[in-house]
Amino acid sequence: MKKEQKTVVIQTLGCKLNFAESAAMLQLLEQKGYRQVKMGEEADLCIINTCSVTETADQKDRQTIHKLVRMYPQAFVAVCGCYAQLKPQEIANIPGVDLVLGADFKLEMAELIEDKKRENCLVKASANDEIKRFLPACSKGNRTRFFLKVQDGCDYFCAYCTVPYARGRSRNPDIASLVAQAKEVAENGGKEIVLTGINIGTFGKSTGENFLQLIQALDQVEGIERYRISSMEPDLLSDEMIAFVAQSKRFAPHFHLPLQAGNNEMLDLMGRHYHRELFAEKIHAIKKAMPDAFIGVDVIVGMRGEKEELFEDGRQFLESLPISQLHVFSYSERPGTRALNIDYKVAEKDKKQRSRLLHELSEQKRLEFYRSQSGKKRSVLFEHGKKNGKMYGFSDNYIRVEAPYRKDWENSTQTLCLGNFNEDKSALIAKLS
Ligand code: SF4
């Protein structure tokens, strides 16, 4: 029996921005009559939205492409995303790939796919410094959150990073269009929005607006109960933003700051825009204005130049800060980056050991933070789903909370007193009186 509707399988790798962009591409494909199906079901079209943050990410991209080509020999196979922008020809050489789209052409995915497989792969990618367009995107996460893309690209060119090449320079849509997207989320029952982008503190470069004005405008959208700011470069987090979040009912006391190294010599080698003193100032300013704020911090271990004493100095600095969690990344060599000019290379075993030490520190910080919140009343947005009779959600200040399952609490906010740790210490148990 012939299928009535054309079907598409989408595989997304990498960050939340990629997931939001896959959702936007799907919407455009739906307008062309496509319906999304799960991997393994019959499909006419396969899309692989790739990531290129590390060498391992590139490998995963290639494995996923090969897997889909094998699974769907008759389907049209299109590849986009950061790896497609950085290495379009490498992908075009994989037998079975029909279309490779760089960053500027994702918007045209629906127009460029064809009904049957191509004899030769079509590659459409502009030069890395000519990426200009903005693909508006907003996706529903797997729980209760929506991810709203407010900005794309980056002008910072940190020594280890290929993102400015893969995604182009910083650009953004205007505030009015983002407010309209937030209103749509509210109309669809969304309660929480995470503002995502690559370097969102540079918001406004394309429109003459700024990030503070954006959050002030979004704060007025009725129906959205909570916003989180995905990640903010420390040098761009202003006192005004901190003060605004502190008094806002909707912007959560939750910050995510990419420090990357806790030692100034390393920060210079990384080409970051600040020294650790500024970072410490920001952390203390947040904690002064919002003593219960959750602060997550990104750190890279094992970049070239990271001698043992520099790592240890950075680790001690991190230990001294009132932060709540670390997101630890192991450095990966990326072709074309300035970091490759640094002679000193960190041995793999040392990288692993440093990563382990920082993961341990992170867990210690998280437990300390959770402990400090036990006995406090916080608003908790519960997620859909039941696990062993329990349900889970996150407080405004990003504590994972466990409660006995109640259907009427799914996707709803409850103000509750937080109690002790649950069994595996991954959450605090809600005190129900
Ligand atoms: S700020 Fe640095 S690490 Fe972040 S995307 Fe830009 S260049 Fe990469």
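What counts and how
Residues numbered from 1 in each chain as written. Predicted model: local features only at pLDDT ≥ 70, side-chain atom pairs only at ≥ 80, totals over all residues. Pairing = 2+ DSSP bridges. Helix = DSSP H or I, 4+ residues; strand = E, 2+ residues; numbered from the N terminus. Axes fitted to C-alpha atoms, helices over the stretch in contact; angles between N-to-C directions. Parallel < 35°, antiparallel > 145°, perpendicular 65-115°, else oblique. Contact = placed C-beta atoms within 7 Å.

A closer look at the sheet that holds strand 13 (residues 325-330)
For step 1, the next point in the chain: Spatial strand order, 11-12-13: three strands in an open sheet with parallel pairing. Strands at the two margins of the open sheet, each flanked by one partner only, are strand 11 (254-260) and strand 13. Strand-to-strand twist across the sheet, computed as the mean angle between neighbouring axes with direction ignored, equals 20°.
For step 2, the next point in the chain: Where strand 12 (residues 294-301) lies against strand 13, six bridges are found, and the strand directions are parallel. Each residue of the ladder has a partner; that of V297, found in strand 13, is L326.

Considerations on the pairing of strand 14 (residues 377-382)
For step 1, the next point in the chain: Bridge analysis of strand 14 against strand 17 (residues 413-421) gives five bridges, and the strand direction is antiparallel. Within strand 17, the position partnered with V380 by the bridge is Q414.

Concerning the packing of helix 12 (residues 308-320) against helix 13 (residues 348-373)
For step 1, the next point in the chain: Helix 13 packs onto helix 12 with a crossing angle of 10° between their chain directions and a minimal axis gap of 11 Å. Comparing the axis directions of helix 12 and helix 13 gives the class roughly parallel. Contacts between helix 12 and helix 13 involve F311, R315, L318 and E319 from the former and R354, L357, L358 and L361 from the latter.

Some words on the pairing of strand 16 (residues 400-404)
For step 1, the next point in the chain: Pairing of strand 15 (residues 390-395) with strand 16 involves five bridges; the strand directions are antiparallel. Each residue of the ladder has a partner; that of K390, found in strand 16, is P404.
For step 2, the next point in the chain: Counting the residues between successive antiparallel strands, the hairpin from strand 15 to strand 16 contains four residues, one of them, Y398, with a positive phi of roughly 60°.
For step 3, the next point in the chain: Bridge count between strand 16 and strand 18 (residues 428-431): two bridges; the pairing is parallel. Considered in strand 18, the bridge of E402 is made with I429.

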